[in-house]
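Here is how the chains run, residue by residue.
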Amino acid sequence: MNRLRQRIERQVMGVTGLALGDIDYEHPRGDPGLFGPESVIWRVHGDFTAMLCGGIGALMLQMLHPLALAGVWEHSRFREDMPGRLRRTSQFIAATTFAPRADAERLIERVKGIHLRVTGVAADGRPYAADDPALLTWVHVAEVSCFMAAHLRYCNPDLSLAGQDRYFAEAARVAEALGAQGVPKTRHDIELYLQRMLPELVFDERTAEIFRLLLAAPAPSPAARPLVGLLMKAGMDLLPPWALAMSGRQLGGLERRGVRLGVHALALVLRWAVRNGASHRARRRMGR
């Protein structure tokens, strides 16, 4: 059983930012990072399965904004190297949540530098820049709203509204450090913000291509192929109803139930197998 657990963990670690290997989450001892173990963000971001589903949903939601989509389409190798893009995104989220403070701040500065180079003109003729404060806010809200939806569905459906608000307020600190402005910091304000953004969102051929690529994402091994398909559908299942309607895709009642049961079962296996994720290492750093 121990060998099986180690094999599963190796496969999981291979698709996360830990595979990039340039952050020591276990040292220096006692460094709480940006948030520390008593924060809600450590709890929400600490479950690999829910975060993976939430991250997939977040990417789908983000791509409904034409300017966010343009930046990914023209300045990212996402279509050619999806695993690489997902690892780098995973590393940023894990590091800003769990890494020692110096590493978290270093990655924030690195991403700010990358954003300076991501500029252009979108398909609708509007100029865009990745460091645009309003665009940064959209990317952030799409992300944290999906992370919270995944946490409530697959980890703790009883997380109080006060706990959810605390999570959004904590996560906003990273968005603001990147340059986002007017970041909503409560569940109520998140929901109002998403409603205000509806007139700006579009589902076009490029968006459809991103959805298609995600739903046909490559697996790290043949045995993992059905699981990857399950997780991609779980990400889509986290989208707000209006976003799913825009995509023209639907999950039937039986399919939706099957996806959710499957993810719950997968989460049990991964929680048993994974002992050295970023959150585990950070807790060891803090003597937990």
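Just so we're clear, the structure is a prediction, and the values are computed from it rather than from any experiment.

**Side note on the packing of aromatic side chains**
- Within the structure shown, the criterion is met by 4 aromatic pairs.
- Note on Trp 42 and Phe 98: the rings are 5.3 Å apart at their centroids and 65° apart in plane angle, and the pair reads as edge-to-face. Residue Trp 42 is located in helix H2 (residues 40-44), and its partner Phe 98 is located in helix H5 (residues 82-98); the two are separated by 56 residues in the primary sequence.
- Residue Trp 42 is classed as buried on the basis of its relative accessible area of 0%.
- Residue classification places Phe 98 among the buried positions, given a relative accessible area of 2%.

**A word on the nonpolar core**
- Counting 88 residues, the largest nonpolar core has Tyr 25, Leu 61, Trp 138, Tyr 167, Leu 214 and Leu 239 as the members making the most contacts within it.
- Among the elements that make up this core, the one with the highest residue count is helix H7 (residues 133-154) (11 residues).
- Not counting the four nearest positions on each side in its chain, Trp 138 is found in contact with Leu 61, Gln 62, His 65, Ala 68, Tyr 193, Leu 194, Met 197 and Leu 201.
- In terms of nonpolar packing, the next biggest core, distinct from the first, is built from 5 residues, Ala 172, Ala 175, Ala 180 and Val 183 among them.

**What to know about unusual backbone geometry**
- In this chain, His 27 is followed by Pro 28 through a cis amide linkage whose omega measures 0°.
- Within the secondary structure, Pro 28 sits in the loop between helix H1 (2-14) and H2.

**A closer look at the environment of Ala 273**
- Structurally, Ala 273 is set in helix H13 (residues 253-273).
- Sequence separation of Ala 273 and Ile 8 is 265 residues, and the distance between their C-alpha atoms is 6.3 Å.
- Ignoring any residue separated from it by four or fewer positions in sequence, one finds Ala 273 in contact with Arg 5, Ile 8 and Glu 9.

**A few points about the pattern of salt bridges**
- One pass over the structure, following the stated rule, counts 17 salt bridges.
- Note that Lys 233 is salt-bridged to Glu 255, the shortest N-O span being 2.8 Å. Of this pair, Lys 233 sits in helix H11 (residues 225-237) while Glu 255 is found in helix H13, placing the two residues 22 residues apart along the sequence.
- Between Arg 260 and Asp 237 there is a salt bridge, with its nearest N and O atoms 2.8 Å apart. Placement of Arg 260 in helix H13 and of Asp 237 in helix H11 is noted, with a sequence separation of 23 residues between them.
- Among the residues examined, Arg 260 registers a relative accessible area of 27% and is labelled partly exposed.

**Details of the packing of helix H3 (residues 48-62) against H7**
- Where H3 contacts H7, the two axes come as close as 8 Å, and the packing angle between them is 145°. The way H3 lies across H7 gives a crossing that is right-handed. Of the residues in H7, those in contact with Ala 50, Met 51, Cys 53, Gly 54, Gly 55, Gly 57, Ala 58, Leu 61 and Gln 62 of H3 are Trp 138, Val 139, Ala 142, Glu 143, Ser 145, Cys 146, Phe 147, Ala 150, His 151 and Tyr 154.
- Looking at the contact of H3 with H7 residue by residue, the classes come out as 12 nonpolar, 6 polar and 1 charged.

**A short note on the side chain of Ser 145**
- On the secondary structure map, Ser 145 appears in helix H7.
- Reaching out from Ser 145, the side chain makes a polar contact with the backbone oxygen of Ala 142 at a distance of 3.1 Å.
- Apart from residues lying up to four places away in sequence, Ser 145 is in contact with Leu 61, Phe 168, Ile 190 and Leu 194.

**Some points on the environment of Met 82**
- Within the secondary structure layout, Met 82 lies in helix H5.
- Along the sequence, Met 82 and Pro 218 sit 136 residues apart, while their C-alpha atoms lie 8.4 Å from each other.
- If near-sequence neighbours (up to four positions away) are discounted, Met 82 is found in contact with Arg 77, Leu 213, Leu 214, Ala 217 and Pro 218.

**Thoughts on the packing of H7 against helix H8 (residues 161-178)**
- Where H7 meets H8, the closest approach of the two axes is 10 Å, and the angle between their N-to-C directions is 150°. Between H7 and H8, the crossing angle belongs to the class labelled roughly antiparallel. Crossing geometry of H7 relative to H8 is assigned as right-handed. Seen from H7, the contacting residues are Leu 136, His 140, Val 144, Ser 145, Phe 147, Met 148 and Leu 152; seen from H8, they are Gln 164, Tyr 167, Phe 168, Ala 171, Ala 172, Ala 175 and Leu 178.
- Looking at the contact of H7 with H8 residue by residue, the class counts come to 11 nonpolar, 3 polar and no charged.

**Points about the UniProt feature "domain: ER-bound oxygenase mpaB/mpaB'/Rubber oxygenase catalytic" (unreviewed entry) in the protein chain**
- The sites that carry the UniProt feature "domain: ER-bound oxygenase mpaB/mpaB'/Rubber oxygenase catalytic" (unreviewed entry) are, in the present numbering, residues 42-272.
- Helix makes up 71% of residues 42-272 and strand 3%, whereas the separation of the span's terminal C-alpha atoms amounts to 19 Å.

Rules of the game
Residues numbered from 1 in each chain as written. Predicted model: local features only at pLDDT ≥ 70, side-chain atom pairs only at ≥ 80, totals over all residues. Heavy atoms only, no water. Phe/Tyr/Trp six-rings, centres within 6.5 Å; stacked < 30°, edge-to-face > 60°. Helix = DSSP H or I, 4+ residues; strand = E, 2+ residues; numbered from the N terminus. Buried < 20%, exposed > 50% of the residue type's maximum accessible area, 1.4 Å probe, protein only. Core = buried A, V, L, I, M, F, W, Y, C linked by side-chain atoms within 4.5 Å. Contact = heavy atoms within 4.5 Å. Salt bridge = Lys/Arg side-chain N within 4 Å of Asp/Glu carboxyl O. Axes fitted to C-alpha atoms, helices over the stretch in contact; angles between N-to-C directions. Left-handed = near helix turned anticlockwise from the far one by under 90°. Nonpolar A, V, L, I, M, F, W, Y, C, P; charged D, E, K, R; others polar. Polar contact = N/O pair within 3.5 Å; in protein donor to acceptor, adjacent residues only side chain to side chain. Parallel < 35°, antiparallel > 145°, perpendicular 65-115°, else oblique. UniProt positions renumbered as here; feature names shortened; annotations may be inferred.

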